[in-house]
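If you want the building blocks of each chain, they are given just below.
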Amino acid sequence: MNIASALRVGLAKVFAYSLLSLFLIPLAAYLFTGYAQRDEDAQFITRISQRIDAEKGMPAAEKQAQKDFYRANPPSTICTNKSPQVADYREAMCETYGELWQFNLVRKVSLWSMVAGAVLLVAVLGLGALAFVDRKMQYTSFVTGWHLTTWASAASLVVQGALAVWLSFWVTAFFFHKYSPKLIILVGILVAGGVFLAVKGIFKRVQLRNGVDGELVTEADAPLLWKRIRHMAGRLKTEPPRHIVAGIDANFFVTEAPLTVGGQQLTGRTLFVSIPLLRLLDQSEADAVFGHELAHLRGGDTKSSALLGPKISQYDHYRHAMRTGGLTAVVAPLLDLYRMIFEVALARESREREFKADRIAAKLISPEAIAQSLIKIAAYAQYRSKIESELFGQNRKHDSAALGIASYVAQGLPPYAASADFLQEMKSANVPHPFDSHPAMTERMRAVGVRLPESAYGALVTRAPVATWVQQILTADAIEQRMWGEYEQAFAADHERSLAYRYEPATDEERALVLQYFPPVQFALKGSETVTVSIDGISTSADGTTVFWDAVKALEFKESSFGNALVVTHREKNALGLGAKTSKIKLAGLKKEKDDFNATVGHYWQRHQIMRAHQQEG
């Protein structure tokens, strides 16, 4: 399935879920009240007809007239009938808060909920369509859609929650002539909690921390580079960056959003440059990249991103809160639908921005320079990702002091560029970027009118640059050394943590590493008894036995006034062969620590499952 097909399928699914979230409960209430009222009407007319027929001395014609009157005015219609002729009838039947009053009210509420849901759905689709018009409409669309969908989701929770509570009583009362107070209370608590989370999420403000690993490059550190950047910005008639940050990430970017670098918050325009990539690019190729990034500044792309970014982040946090808030999940599909449509609009505009920035850079420097820079950046990023993936996949612990990712990449890039894998991977390569979804590299090259044969890619990547801008950054070597040291230390730590999940363990060394992250955890039970969770399984001091993880198929914690217990479903059949074997780990006395116990059991069992899955893959 290609990306376009997958996108259509994804949109169709989210749209279908949105329909369910908007209409399922109101439609169920509407249909139920209609069915119940028709049933009650039929029973009422039967009873009243029998009573009329039993009246002695009433002429037959009058009896028929009265029966015709009640058939023409059943109880379900009488509350809305304002005719003076039915005033007594209406007063007798339509007592406020009575059964008939409730059914009429719920029927109206459910109908208008569906109407409001349809209007809301049309509004969301309309706002999504506006996001495709232009950048200004995109901002207006998102801000409007943000407020509309968040408040509408909260209102929907209130209304649908009330309908759900009402249905939890009347469905059982109508069909089974009884009701469950526990069910009503449970639904009520879920609804109240959902509404609270929704309203809380609306007013919660997310603190954005846009951080980047890098160090400031002052004008004293690179006077010629600063001069060149300012000269190019002048040619483009745009304000130059206020800050230049150098790092080892495999990309270049500009931003106008506040950026945290080394504990310092930068404001205004910031240009990030990659030292490893600057070593690979000729000055003209790097100039083409700088021109591309400055074109984003001139076009207002970064200003737009700085305005939209915090709002999108706030919206995404709200969506996540709704999706994971229990009953609030019923309103999440509509939020997801609008976000998905808006993301398509953003991606479309992002492609247009990239093509436009490439064309400006091509005019400013040359089409060949922008094409060559795209190939080199994509090649470096692809190969570095490949090396890091291979290193992370190794089952031996790395020494962070001797990891040497930078040297691995530098030494391995030339042979990689000459391999068959290189040409295949470069056909669909993207130039990495932290903020936008870039078009494929080959599309961008065609857009500036350059058609380099694939056979020329390898030689271009391995060709040593004549002069680079990194030579003009006095602090480049020191920055790169510090950054790679920190990066490799973090890489080795993450890899070591992953090994704790992968190892069975099979050796003393492996066991020591696993126990470093997963030591035995003991919980006190009643009296002097204990239960211990370890990488081997769960054991209790009462019987001295261990339920090993390999024997576990499922786990369920059960609370009881007679003592809590963990019910273990085993992989083998029970003695009768009719189902899975189960056993019970008694946890009498485990009360306050039950949440910690369950979290620990889940964590250690997850580790075991990941370890077994890794063994099967290997």
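Now for a look at the structure at hand.

Things to note about unusual backbone geometry
Then comes step 1: Residue proline 505 follows glutamate 504 across a cis peptide bond; omega there is 0°.
Then comes step 2: When you line up the elements, proline 505 lands in the loop between helix 18 (476-502) and helix 19 (508-517).
Then comes step 3: In this structure, tyrosine 97 takes a positive phi of about 75° despite not being glycine.
Then comes step 4: Relative to the assigned elements, tyrosine 97 resides in the loop between helix 4 (87-93) and helix 5 (99-130).
Then comes step 5: Even without a glycine there, the phi angle at lysine 237 is positive, about 55°.
Then comes step 6: As for its placement among the helices and strands, lysine 237 is situated in the loop between helix 8 (223-235) and strand 2 (243-247).

Quick look at the environment of serine 83
Then comes step 1: Inspection of the secondary structure puts serine 83 in the loop between helix 3 (75-78) and helix 4.
Then comes step 2: Residue classification places serine 83 among the partly exposed positions, given a relative accessible area of 23%.
Then comes step 3: Once the C-alpha coordinates of serine 83 and serine 113 are considered, the two residues, 30 residues apart in sequence, prove to be 28 Å apart.

What about a positive patch on the surface?
Then comes step 1: Side chains of Lys237, Arg298, Lys356, Arg359 and Lys363 sit close together on the surface and give a patch of like positive charge.
Then comes step 2: Sort the elements by how many residues they give to the positive patch and helix 12 (residues 332-364) lands first, with three residues.

Structural notes on the packing of aromatic side chains
Then comes step 1: Enumeration according to the criterion identifies 30 aromatic pairs in this entry.
Then comes step 2: Between the aromatic rings of tyrosine 501 and phenylalanine 518, the centroid separation amounts to 5.1 Å while the plane-to-plane angle is 90°, which identifies the pairing as edge-to-face. Residue tyrosine 501 is found in helix 18, and its partner phenylalanine 518 is found in the loop between helix 19 and strand 7 (521-524); the two are separated by 17 residues along the sequence.
Then comes step 3: Pairing phenylalanine 557 with phenylalanine 597 gives two aromatic rings, centres 6.4 Å apart and planes at 55°, and the pair type is tilted. Placement of the pair is phenylalanine 557 in strand 11 (residues 552-558) and phenylalanine 597 in helix 20 (residues 594-617), with a sequence separation of 40 residues.
Then comes step 4: Classification of phenylalanine 557 as buried rests on a relative accessible area of 19%.

Describing the sheet that holds strand 12 (residues 564-573)
Then comes step 1: Here we have three strands laid out as an open sheet, ordered 11-12-13, and antiparallel in their pairing. Sheet topology places strand 11 and strand 13 (580-587) at the edges, where each strand pairs with a single neighbour. The average angle at which neighbouring strand axes cross in this sheet is 20°, direction not considered.
Then comes step 2: Together, strand 11, strand 12 and strand 13 form the strand contacts of helix 20, whose direction differs from that of strand 11 by roughly 170°.

Some words on the nonpolar core
Then comes step 1: Residues Phe252, Leu278 and Phe290 are the most contacted members of the largest nonpolar core, which totals 69 residues.
Then comes step 2: Looking at this core, the element that brings in the most residues is helix 13 (residues 367-393), giving 13 residues.
Then comes step 3: If near-sequence neighbours (up to four positions away) are discounted, leucine 278 is found in contact with Phe252, Val273, Ala286, Phe290, Thr468, Trp469, Val470 and Ile473.
Then comes step 4: Membership of the second largest hydrophobic core comes to 27 residues, among which are Leu121, Leu308, Tyr315 and Leu346.

Parameters at a glance
Residues numbered from 1 in each chain as written. Predicted model: local features only at pLDDT ≥ 70, side-chain atom pairs only at ≥ 80, totals over all residues. Heavy atoms only, no water. Helix = DSSP H or I, 4+ residues; strand = E, 2+ residues; numbered from the N terminus. Buried < 20%, exposed > 50% of the residue type's maximum accessible area, 1.4 Å probe, protein only. Patch = residues over 30% accessible without salt bridge, like charges linked within 9 Å, V, L, I, M, F, W, Y side chains within 5 Å. Areas by Shrake-Rupley, 256 points an atom, 1.4 Å probe, with all protein chains shown as cover. Salt bridge = Lys/Arg side-chain N within 4 Å of Asp/Glu carboxyl O. Lys, Arg positive; Asp, Glu negative; His and termini not counted. Charge placed at Lys NZ, Arg CZ, Asp CG, Glu CD. Phe/Tyr/Trp six-rings, centres within 6.5 Å; stacked < 30°, edge-to-face > 60°. Pairing = 2+ DSSP bridges. Axes fitted to C-alpha atoms, helices over the stretch in contact; angles between N-to-C directions. Contact = heavy atoms within 4.5 Å. Core = buried A, V, L, I, M, F, W, Y, C linked by side-chain atoms within 4.5 Å.

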